[in-house]
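Structural characterization, general
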Amino acid sequence: MFSKFTSILQHAVEALAPSLPLQEDFVYHWKAITHYYIETSDDKAPVTDTNIPSHLEQMLDILTQEEGERESGETGPCMEYLLHHKILETLYTLGKADCPPGMKQQVLTFYTKLLAHIRQPLLPHINVHRPVQKLIRLCGEVLAAPTENEEIQFLCIVCAKLKQDPYLVNFFLENKLKRPEIKSPAATDGVKESTLAPDTGQSLAEEQADRQEEPQAAAAASTSSPSSNNNNSNNYNLVSSLLNLTKSPDGRIVVKACEGLMLLVSLPEPAAAKCLTENTELCELLTDRLVSFYKALPQSMDPLDIETVESVNWGLDVYNLKEDAAVFTGKRALISFLSWLDYCDQLIKEAQKSAAAVMAKAVRERFFVSVMEPQLMQTSEVGILTSTALLNRIIRQVTSEALLQEMVYFLLGEEREPETSATIAQNPLRHRLIEHCDHLSDEISIMTLRLFEQLIQKPNQHILHSLVLRSLEERNYMENKPQEEREPLENGQPHDAVDLEEDPLFGDDLSPNSRLSGSDWLSSSPPQSPDHSKSDGKTEVHKIVNSFLCLVPDEAKSSYHVEGTGYDTYLRDAHRQFRDYCGVCQQWDWRGNPKPFEKCNLDSPFFEGHFLKVLFDRMGRILDQPYDVNLQVTAVLSKLSLLPHPHLHEYLLDPYINLAPGCRSLFSVIVRVVGDLMLRIHRIPDFTPKLLLVRKRLLGLEPEGINIDHMTLLEGVIVLEEFCKELAAIAFVKYHAAASSSP
């Protein structure tokens, strides 16, 4: 009661007193706080029952007013007083003891507002960054503490200041060998004994601690010198406190702590990056939480649910447990996992380069290898399907270069040399995933093919090198021997060659003399002889396009009976997709002619690679596979055909290359399918009407009716026709783009 009366009386006196010069006013408010500790006998009353909060607020207002009245960067007498008398050190001591109760909260608020409102740089001052450093250590000590909100506000303003001046972070890398702070036997007694003397504003205990900590503070600041960057004995308490607060039960505190960490990892200082990854538990937090969220997912989930759940940005996921459970079981767990994955991805994306590499490697080792690999290698079809769908979603979501690189190495290995049939099982996970593209379960095949379709669209060169390009480097899929050394000819061609000129499906204008021209990187195989002349580009591309359009015989075509299904419908998509691919691949220096034969190792036996082998095998069975499988196989092959690499273009889109004995190309695989189709068409009565009916049903133009015989074959023929039109459009678009860019 007496303290309340004193407070009212003091406010009245202040209101009636004439205004003092700012410094006198500032000193008055500070001494009013110190006198409280000298005069009070009730140290259990909460701080809100005292005048301390009001005095601290007045001190902040004076400092802000003083700065506003002075030239930019000039330090006024009130700020000089605060620095010289080590007021922040004293406030730290009072806050640590939390005397009176609630004082820690007041001190945190004072520090936060001081750093936020004062524009001149304060942290370089030893009498600022040292008490700030000490106060940081008090944050996050107790979960769900009443001061959590003030703690996170304080830590975030420190992070923001370091983001503005990154070199200052070196003041916050503390030496592990630092001696512990002097502690009085009882916190409250210690505060009593350290009552401020009017002349210095500092206690005897504080002065002793200062003398002991001066060399250590200098050592911490010296970490900014290049010679100390290799120092491995620094603590990064700012990171440690934020990590503790990420475990708070209050979601808002967790998000703010994550934001603070995002600022710190982006600092360019090498010493801070090294300390961040080596001397804090940041990597463990990222990976442990990722593992925990993944393990909380149901063992079985519908791949469609995984694929279609809304995109998740960390920190922004709002949810309703009842609504989520009603949509599908495990939706809340899936959103939590994807949200944390997004945070890990964004953190690594923002991080300093060396720190990003370490964090990405930790995610690979502690999550992908330890947790995901056993899931992908299991034999349970339900488990394979769920884990593959989750992996597909992860691939789709990852955007950071470092994490993508580590994920690719996890999936495909780091090998660069060409594959052989003997080495395809060298990397068990890569081998298993590719084999799953041809799994007995159509669902698993489709999901794995989707995974690879997603993967080959990511901006990472190693993906394409590992899956296809390393097998095509030496161009040994082509015959390049002198005529007298080649195998005996049958009807003017090697015995296993695809004979286009003799085939009645193609006609005279599909002579092997046609070649794409007008491009440096898109050029096809070199001419077979010096007198092999090239005609104008329009004729060249016309022949290439027609070679694909005429592959399917007329009696097996149905698109011309349905409006809006012509070849030109694929041109727009092909143009857009090719432009996007060129943007991604531009940095990889793929433009140029195919590697000259004289520099190729043509003696090494050609192996198309495990991935292309499985795709070609499935393409060869297009007439006997389910419609959805065929759509996915052709989708992957069309994506590969769009890539602007000269060898890949030659191998997939040049119908007239001279294949080496025993080799096959995409075109030769399709020709064999067409040959098989020609034999089977005549065994099916009313083939063309049935084919047209199936097409209309697939387009939704006809209702589902009675079952049609040979449905799989008929659907396969439709996919084959559409795929050939798509390849023709891709060939045309690539030629046109190359011709328009050539001089």
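Residues numbered from 1 in each chain as written. Predicted model: local features only at pLDDT ≥ 70, side-chain atom pairs only at ≥ 80, totals over all residues. Heavy atoms only, no water.

In the nomenclature of an unreviewed UniProt entry, the protein chain is known as FHF complex subunit HOOK interacting protein 2A of Stegastes partitus.

**Quick word on the overall build of the protein chain**
Our working definition: Think of it this way: any DSSP run of H or I at least four residues long counts as a helix, any run of E at least two long counts as a strand, and we number them from the N terminus. With a 1.4 Å probe rolled over the protein chains alone, any residue whose accessible area is under 20% of its type maximum counts as buried; one over 50% counts as exposed, and the rest are partly exposed. Throughout, a residue-residue contact means that at least one pair of heavy atoms, one from each residue, lies within 4.5 Å.
Across its full length, the protein chain holds 31 helices and four strands. Residue burial in the protein chain is summarised as follows: out of 743 residues, 53% are buried. Of all intrachain contacts in the protein chain linking residues separated by at least 6 positions in sequence, the fraction that spans at least 24 positions is 79%.

**Some words on helix H29 (residues 666-681)**
The test is simple: The span one expects for a helix is its residue count, reduced by one, times 1.5 Å.
A rise of 1.5 Å per residue sets the reference length of H29, with its 16 residues, at 22 Å; its end C-alpha atoms lie 22 Å apart and thus fit the reference within 8%. Along H29, the residues classified as buried are Leu666, Phe667, Ser668, Val669, Ile670, Val671, Val673, Val674, Leu677, Arg680 and Ile681.

**Describing the environment of Leu338**
Mapped onto the elements, Leu338 comes out in helix H17 (residues 331-350). Assessed through its relative accessible area of 1%, Leu338 is described here as buried. For Leu338 and Phe293, which are 45 residues apart along the polypeptide, the C-alpha to C-alpha distance reads 8.7 Å. Not counting the four nearest positions on each side in its chain, Leu338 is found in contact with Val309, Val312, Arg393 and Gln397.

**Let's talk about the packing of helix H26 (residues 610-620) against H29**
Cut-off, in case you're wondering: Axis lines are fitted to C-alpha atoms, over the contacting stretch for helices. Their N-to-C directions set the angle, which ranges from 0 to 180 degrees. Small angles under 35 degrees read as roughly parallel and large ones over 145 as roughly antiparallel, with 65 to 115 read as roughly perpendicular and the rest as oblique. Rotating anticlockwise by less than a right angle from the far helix to the near helix defines a left-handed crossing, while the corresponding clockwise rotation defines a right-handed one. Residues are sorted three ways: Asp, Glu, Lys and Arg are charged, Ala, Val, Leu, Ile, Met, Phe, Trp, Tyr, Cys and Pro are nonpolar, and all the rest, Gly among them, are polar.
Where H26 meets H29, the axes come as close as 9 Å, and the angle between the chain directions of the two elements is 20°. Relative to H29, H26 is oriented roughly parallel. When the axes of H26 and H29 are compared, the crossing they make is right-handed. On the side of H26, the interface is formed by Phe616, Met619 and Gly620, while H29 contributes Leu666, Val669, Ile670 and Val673. Partitioned by chemical class, the residues of the contact of H26 with H29 number six nonpolar, one polar and no charged.

**Comments concerning the nonpolar core**
Formally: Only buried Ala, Val, Leu, Ile, Met, Phe, Trp, Tyr and Cys residues count toward a nonpolar core, and they belong to the same one when joined by side-chain atoms within 4.5 Å.
Grouped together as the largest cluster of nonpolar side chains are 214 residues, with contacts concentrated most on Leu91, Phe154, Tyr236, Phe367 and Leu640. Element by element, the count of residues in this core is highest for helix H31 (residues 711-741), at 14 residues.

**Details of unusual backbone geometry**
Of the consecutive residues Cys99 and Pro100, the connecting peptide bond is found in the cis state with omega at -5°. By the secondary structure assignment, Pro100 is in the loop between helix H5 (87-97) and helix H6 (103-117). Here Lys86, not a glycine, exhibits a phi torsion of approximately 50°, which is positive. If you trace the backbone, Lys86 turns up in the loop between helix H4 (77-84) and H5.

**Let's talk about the confidence of the model for the protein chain**
To keep it simple, the criterion reads: Per-residue confidence from the prediction method is given by pLDDT, with values spanning 0 to 100.
Put simply, the protein chain has an average pLDDT of 83, and 79% of its residues get 70 or more. For residues 1-6, every residue scores under 50 in pLDDT, and the model assigns this stretch one contact once sequence neighbours within four places are set aside.

**Overview of the packing of aromatic side chains**
Inclusion rule: Pairing of aromatic rings covers Phe, Tyr and the six-membered ring of Trp, with a centre-to-centre limit of 6.5 Å; geometry is then stacked below 30 degrees between planes, edge-to-face above 60, and tilted otherwise.
Taken as a whole, this structure holds 16 aromatic pairs when the rule is applied. Taking the centre distance of 5.9 Å and the plane angle of 40° together, the rings of Phe337 and Phe367 count as tilted. With Phe337 in helix H17 and Phe367 in helix H18 (residues 353-377), the pair connects residues that are 30 residues apart, well separated along the chain. The exposure class of Phe337 is buried, given its relative accessible area of 0%. A relative accessible area of 0% means that Phe367 is categorised as buried. Arranged with centres 5.6 Å apart and planes meeting at 70°, the rings of Tyr477 and Phe606 form a pair that is edge-to-face. With a gap of 129 residues between them, Tyr477 in the loop between helix H23 (461-472) and strand S3 (489-490) and Phe606 in the loop between helix H25 (569-585) and H26 connect regions that are remote in the sequence. By relative accessible area, Phe606 is classed as buried at 17%. Taken together through their ring pairs, the aromatic side chains of Tyr294, Phe337, Phe367, Phe368 and Phe410 make up a single cluster.

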